[in-house]
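# Reading the structure
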Amino acid sequence: MKSFLYILFIFLIGTSLSWSQQSKELKIENQKIVKDSINPLAPAKAAFYSAILPGLGQAYNKKYWKIPIVYAALGAGVYFIIDNNNKYNDYRDEYKARLRGTNNPNDPTFGRLSTESIIRGQKFYQRNRDLSILITGGLYILNIIDANIDAHLLQFNVSDNLTLKPKIQQNFLTNKQDVGLVLSYNF
């Protein structure tokens, strides 16, 4: 067994010496840096497209995966607006029928409710409808802002001159590894 280890050791040393004696040629290639021209109107165009038709600005920026998110958010908002408006109208119609005295006391939905409960329900669904309108409007504006910001970030120049990378360094005082981030800028 010892002889096998000696032979293996000699073999590894011999191959590493033969590899280190081989000449290595260093080849340097010049790379052309091609800078795309920056279109300052692209963010405004993306925002305009997104204002005309939600999701069109995301398509202009070639972020197609965001389009279903935009339509799901706006569709959910529109659903809640319609649902709360329908329930508000139901409570309002029941309240009007009670004022006229033509309500049905055997109605399974409103028959057991008092007039004060009908008024509270009407106010509740009116408030929820108005809140749903505000949230859906906010989501529509967020869609426009997202298209604008994404178009700005597409023109952002990311090069190797500015890097942020993690660095692990040996601390000689405590003999432990220190982890940190290094921000470097090359001229």
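About the criteria used
- Residues numbered from 1 in each chain as written.
- Predicted model: local features only at pLDDT ≥ 70, side-chain atom pairs only at ≥ 80, totals over all residues.
- Heavy atoms only, no water.
- Helix = DSSP H or I, 4+ residues; strand = E, 2+ residues; numbered from the N terminus.
- Contact = heavy atoms within 4.5 Å.
- Core = buried A, V, L, I, M, F, W, Y, C linked by side-chain atoms within 4.5 Å.
- Buried < 20%, exposed > 50% of the residue type's maximum accessible area, 1.4 Å probe, protein only.
- Patch = residues over 30% accessible without salt bridge, like charges linked within 9 Å, V, L, I, M, F, W, Y side chains within 5 Å.
- Areas by Shrake-Rupley, 256 points an atom, 1.4 Å probe, with all protein chains shown as cover.
- Salt bridge = Lys/Arg side-chain N within 4 Å of Asp/Glu carboxyl O.
- Arc of directions from axis to C-beta.
- Axes fitted to C-alpha atoms, helices over the stretch in contact; angles between N-to-C directions.
- Parallel < 35°, antiparallel > 145°, perpendicular 65-115°, else oblique.
- Left-handed = near helix turned anticlockwise from the far one by under 90°.
- Nonpolar A, V, L, I, M, F, W, Y, C, P; charged D, E, K, R; others polar.
- Phe/Tyr/Trp six-rings, centres within 6.5 Å; stacked < 30°, edge-to-face > 60°.

### What to know about the overall build of the protein
When its secondary structure is counted, the protein shows five helices and two strands. The secondary structure elements of the protein, listed N-terminal to C-terminal, are α-α-α-α-α-β-β. Here the contacts in the protein between residues at least 6 apart in sequence split such that 51% fall between residues at least 24 apart.

### Structural notes on the nonpolar core
Formed by Tyr88, Tyr91, Phe110, Ile118 and Tyr125, the largest nonpolar core amounts to five residues. Leave out the neighbours within four places in its chain, and Tyr91 touches Phe110, Leu113, Ser117, Ile118, Gly121, Gln122 and Tyr125.

### Let's talk about a nonpolar patch on the surface
A cluster of nonpolar side chains, namely Phe48, Ile52, Leu53, Leu56 and Tyr71, defines an oily patch on the protein surface of about 500 Å² accessible area. Take Tyr71: it is sitting in helix α4 (residues 67–100).

### What about unusual backbone geometry?
Phi is positive for Lys62, which is not a glycine, with a value near 65°. Tracing the chain through its elements places Lys62 in the loop between α3 (56–60) and α4. Classification of Lys62 as exposed rests on a relative accessible area of 61%. Unusually for a residue other than glycine, Asn175 sits at a positive phi of about 60°. With respect to the secondary-structure elements, Asn175 resides in the loop between β1 (162–171) and β2 (176–185). Given a relative accessible area of 60%, Asn175 falls into the exposed group.

### Points about helix α2 (residues 42–52)
One full turn of an α-helix is made of 3.6 residues, so residues set three or four places apart face in the same direction. For α2, the full list of buried residues reads Ala42, Pro43, Ala46, Ala47 and Ser50. Each buried residue of α2 sits inside an arc of 135° when the element is viewed along its axis, so together they form one side. Relative to its buried face, α2 has exposed residues pointing more than 90 degrees away, namely Phe48 and Ile52. Turning to α2, the residues buried within the fold contact α3 and α5 (115–154).

### Examining the environment of Lys45
With respect to the helices and strands, Lys45 occurs in helix α2. Sequence separation between Lys45 and Ala151 is 106 residues, and the spatial gap between their C-alpha atoms is 8.8 Å.

### Thoughts on the pattern of salt bridges
Enumeration according to the criterion identifies five salt bridges in this entry. Three or more residues joined by partner-sharing salt bridges are found here, namely Lys66, Asp146 and Asp150.

### A few points about the environment of Val78
Among the secondary structure elements, Val78 is positioned in helix α4. Val78 sits in the partly exposed class, given a relative accessible area of 40%.

### A word on the packing of α2 against α5
Where α2 contacts α5, the two axes come as close as 8 Å, and the packing angle between them is 155°. Between α2 and α5, the angle is such that the two are roughly antiparallel. Between α2 and α5 lies a crossing whose hand is right-handed. On α5, the residues that touch Ala42, Pro43, Ala46, Ala47, Ser50, Ala51 and Ile52 of α2 are Tyr140, Asn143, Ile144, Ala147, Asn148, Ala151 and His152. Classifying every residue of the contact of α2 with α5 by side-chain character gives ten nonpolar, four polar and no charged.

### Observations regarding the packing of aromatic side chains
Throughout the structure, instances matching the rule amount to six aromatic pairs. Both rings, one in Tyr79 and one in Phe80, keep their centres 5.3 Å apart while their planes meet at 65°; by these two values the pair is edge-to-face. Relative accessible area serves as the criterion here: at 43%, Phe80 is assigned to the partly exposed category. Residues Phe124 and Tyr125 carry aromatic rings whose centres are separated by 5.0 Å and whose planes lie at 75° to one another, so their mutual orientation is edge-to-face. Note on Tyr125: relative accessible area 16%, which makes it buried. In this structure an aromatic cluster arises from ring pairing among Tyr91, Phe110, Phe124 and Tyr125.

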